[in-house]
Amino acid sequence: MLVKQIYHIKVIFVKNMLDKILNADKIKRESLPNAESLKLKSYEKVKELREKKRKEYLGKARINIGIIKKIEKIRASEKINSIEMESKKSIERLRQSFKDNNQKIIEDIIISVTGQIQ
């Protein structure tokens, strides 16, 4: 009788183990399509987020380029104005120098051309 009880316990144990194995296999088979679906959804989500971030980055970059362009135009304009002011100052100095030294310049030209003083 003890042998029969041990045998019966072993059978129940093996049956219980088989039930657990079959149940685990069933869960795995049922969850595999869900996992594939979840994986595909995740890839799509990542793709959408990547595209969204790319568009955001490009939008910000375009704005920054516009701002930098305006700043560079202002700097270039300031530089041109500075050069123009320096040119005007130089021209005015030359005119004043010619006005102050008009007679001397004419004499120097005559001497260099003719070799004589008037």
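Heads up: the structure comes first, above all this text.
Residues numbered from 1 in each chain as written. Predicted model: local features only at pLDDT ≥ 70, side-chain atom pairs only at ≥ 80, totals over all residues. Heavy atoms only, no water.

(A) Spatial organisation of the overall build of the protein. Looking only at helices and strands, the protein features 2 helices and 0 strands. The C-alpha radius of gyration computed for the protein amounts to 48 Å, which surpasses the reference 13 Å derived for 118 residues by more than 25%, pointing to a less compact arrangement than a globule. Summarising its shape, the C-alpha atoms of the protein cover approximately 155 × 25 × 20 Å along the three principal directions. Out of the 118 residues belonging to the protein, those deemed buried represent 0%. Of the roughly 11700 Å² that the protein leaves accessible, carbon and sulfur atoms contribute 63%. Averaging the locations of the 29 positively and 16 negatively charged side chains of the protein gives two centres separated by 13 Å. (Helix = DSSP H or I, 4+ residues; strand = E, 2+ residues; numbered from the N terminus. Rg over C-alpha atoms; globule rule 2.2 N^0.38 Å. Buried < 20%, exposed > 50% of the residue type's maximum accessible area, 1.4 Å probe, protein only. Areas by Shrake-Rupley, 256 points an atom, 1.4 Å probe, with all protein chains shown as cover. Lys, Arg positive; Asp, Glu negative; His and termini not counted. Charge placed at Lys NZ, Arg CZ, Asp CG, Glu CD.)

(B) Summary view of the pattern of salt bridges. One pass over the full model with this rule turns up 5 salt bridges. Between lysine 53 and glutamate 56 there is a salt bridge whose closest N-O contact spans 3.6 Å. With lysine 53 and glutamate 56 both in helix 1 (residues 2-100), this residue pair falls 3 residues apart, about one helical turn. A relative accessible area of 53% means that lysine 53 is categorised as exposed. Taking the relative accessible area as the measure of exposure, glutamate 56 reaches 33% and is therefore partly exposed. (Salt bridge = Lys/Arg side-chain N within 4 Å of Asp/Glu carboxyl O.)

(C) Representation of a nonpolar patch on the surface. A cluster of nonpolar side chains, Phe13, Val14, Met17, Leu18 and Ile21, forms an exposed patch at the surface whose accessible area comes to about 490 Å². Tracing the backbone shows valine 14 in helix 1. According to the relative accessible area criterion, valine 14 is partly exposed, its value standing at 46%. (Patch = residues over 30% accessible without salt bridge, like charges linked within 9 Å, V, L, I, M, F, W, Y side chains within 5 Å.)

(D) Region of the structure containing the environment of isoleucine 65. Mapping isoleucine 65 onto the fold places it in helix 1. Sequence separation between isoleucine 65 and tyrosine 43 is 22 residues, and the spatial gap between their C-alpha atoms is 32 Å.

(E) Just helix 2 (residues 102-114), in detail. Here helix 2 is 13 residues long and its end C-alpha atoms lie 18 Å apart, about the 18 Å a rise of 1.5 Å per residue gives. Directly beyond the C-terminal end of helix 2, a positive phi value near 85° is found at glycine 115. (Expected span 1.5 Å × (residues − 1).)

(F) Quick peek at the environment of serine 112. Within the fold, serine 112 resides in helix 2. Distance from serine 112 to arginine 29, taken between C-alpha atoms, is 109 Å for residues 83 residues apart in sequence.

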